Amino acid sequence: MGGPRGAGWVAAGLLLGAGACYCIYRLTRGRRRGDRELGMRPSKSAEDLTDGSYDDVLNAAQLQKLLYLLESTEDPVIIERALITLGNNAAFSVNQAIIRELGGIPIVGNKINHSNQSIKEKALNALNNLSVNVENQIKIKIYINQVCEDVFSGPLNSAVQLAGLRLLTNMTVTNDHQHMLHNYITDLFQVLLTGNGNTKVDSSFLSLYDSHVAKEILLRVLTLFQNINNCLKIEGHLAVQPTFTEGSLFFLLHGEECAQKIKALVDHHDAEVKEKVLTIIPKI
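**Remarks on the overall build of the protein**
Then comes step 1: Across its full length, the protein carries 15 helices and two strands.
Then comes step 2: Here the protein holds 284 residues, and 47% of them are scored as buried.
Then comes step 3: When the accessible surface of the protein is totalled, it reaches about 15,000 Å², and 52% of it is carbon and sulfur.

**Re the side chain of Asn89**
Then comes step 1: Tracing the backbone through its elements, the reader meets Asn89 in helix α4 (residues 76-89).
Then comes step 2: When near neighbours in sequence (up to four residues on either side) are disregarded, Asn89 contacts Asp56, Val57, Leu58, Leu63 and Asn95.

**Quick look at the packing of helix α9 (residues 144-153) against helix α10 (residues 159-171)**
Then comes step 1: Running from N to C, α9 and α10 cross one another at 140°; their axes reach a closest spacing of 9 Å. Considering only the axes of α9 and α10, their crossing is left-handed. Counted together, Ile144, Val147, Cys148, Asp150 and Val151 of α9 and Val160, Gln161, Gly164, Leu165, Leu167, Leu168 and Met171 of α10 form the full contact between these two elements.
Then comes step 2: Its residues placed into classes, the contact of α9 with α10 shows nine nonpolar, two polar and one charged.

**Here we look at the packing of helix α3 (residues 60-72) against α4**
Then comes step 1: Put simply, α3 and α4 touch, their axes get as near as 9 Å, and they point 145° apart. Considering the relative orientation of α3 and α4, their crossing is left-handed. On α4, the residues that touch Leu63, Leu66, Leu67, Leu69 and Leu70 of α3 are Ile78, Ile79, Ala82, Leu83, Thr85, Leu86 and Asn89.
Then comes step 2: Taken together, the residues that form the contact of α3 with α4 break down as ten nonpolar, two polar and no charged.

**Observations concerning unusual backbone geometry**
Then comes step 1: Positive phi, close to 70°, is recorded for Asn157, a residue that is not glycine.
Then comes step 2: Structurally, the position occupied by Asn157 is in the loop between α9 and α10.
Then comes step 3: Classification of Asn157 as partly exposed rests on a relative accessible area of 21%.

**Focus: the nonpolar core**
Then comes step 1: One finds Leu70, Leu86, Val108, Leu127 and Val147 to be the most contacted residues of the largest nonpolar core, which totals 44 residues.
Then comes step 2: Counting residues per element, this core draws most heavily on α10, at seven residues.
Then comes step 3: Contact partners of Val147, with chain neighbours within four places excluded, come to Ile112, Leu124, Gly164, Leu167 and Leu168.
Then comes step 4: Val221, Phe225, Leu249 and Leu265 belong to the second-largest nonpolar core, a separate cluster that totals 21 residues.

Calculation notes
- Residues numbered from 1 in each chain as written.
- Predicted model: local features only at pLDDT ≥ 70, side-chain atom pairs only at ≥ 80, totals over all residues.
- Heavy atoms only, no water.
- Helix = DSSP H or I, 4+ residues; strand = E, 2+ residues; numbered from the N terminus.
- Buried < 20%, exposed > 50% of the residue type's maximum accessible area, 1.4 Å probe, protein only.
- Areas by Shrake-Rupley, 256 points an atom, 1.4 Å probe, with all protein chains shown as cover.
- Contact = heavy atoms within 4.5 Å.
- Axes fitted to C-alpha atoms, helices over the stretch in contact; angles between N-to-C directions.
- Left-handed = near helix turned anticlockwise from the far one by under 90°.
- Nonpolar A, V, L, I, M, F, W, Y, C, P; charged D, E, K, R; others polar.
- Core = buried A, V, L, I, M, F, W, Y, C linked by side-chain atoms within 4.5 Å.

In short, the description is geometric, and any link to function would need to be established separately.
Written out as structure tokens, the structure is:
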């Protein structure tokens, strides 16, 4: 677990197709008995699965085909389409586990070093979806240093920077990996203070603190507030002067509206949310 010094680094990530490809369908027109009842469909190749017209969620066998394609091809167009398809399918919890079990995380992770910036972005997006699974985070954490280097050394507000920030958000929602951002705090604050609207936060963000919001989301945004507050204060003294750019995440979270919303959650029906709020209120 990271200590209080590392707690605020979750803030980083609050700040997201496929092209056409050829399809080879071999449709049998024979009138073998029973074909109509069976509703037979042609088998899809790995490249067919990256076609934007294929909307079904992939099964384990199809994901394995896709991972083999991603690992074996050097065609940047196919690599990018495969990463988009994997990323879309990694949005489903069952596939997050399957991709890990098939050894897919290092295959995707290796693509963040690709010289093609679009491929790097798609790889980061896929890792971001995979990182929602806590077990996957154990394997993804080895890429955190590389992601930080890309985020803080690359062009401001670039697609790669924003994709990296989203991944760092998911990886630092809990305290398990926050200490790994220890050397990047200065760069993180610089990005958040100088970035454009994509790296800043709209005021509608505060609606996430409304009592009707799902428990899982409430706990995440409350943890976000708690971690940022801990990061800015060391033993009761401000580590950073509280002068924040209007529209920034810090400006919103340290405003009166946010404080009132958090205080109102003390009467929330869920015990875990209420307990979290009670630990935060004395620090507001």
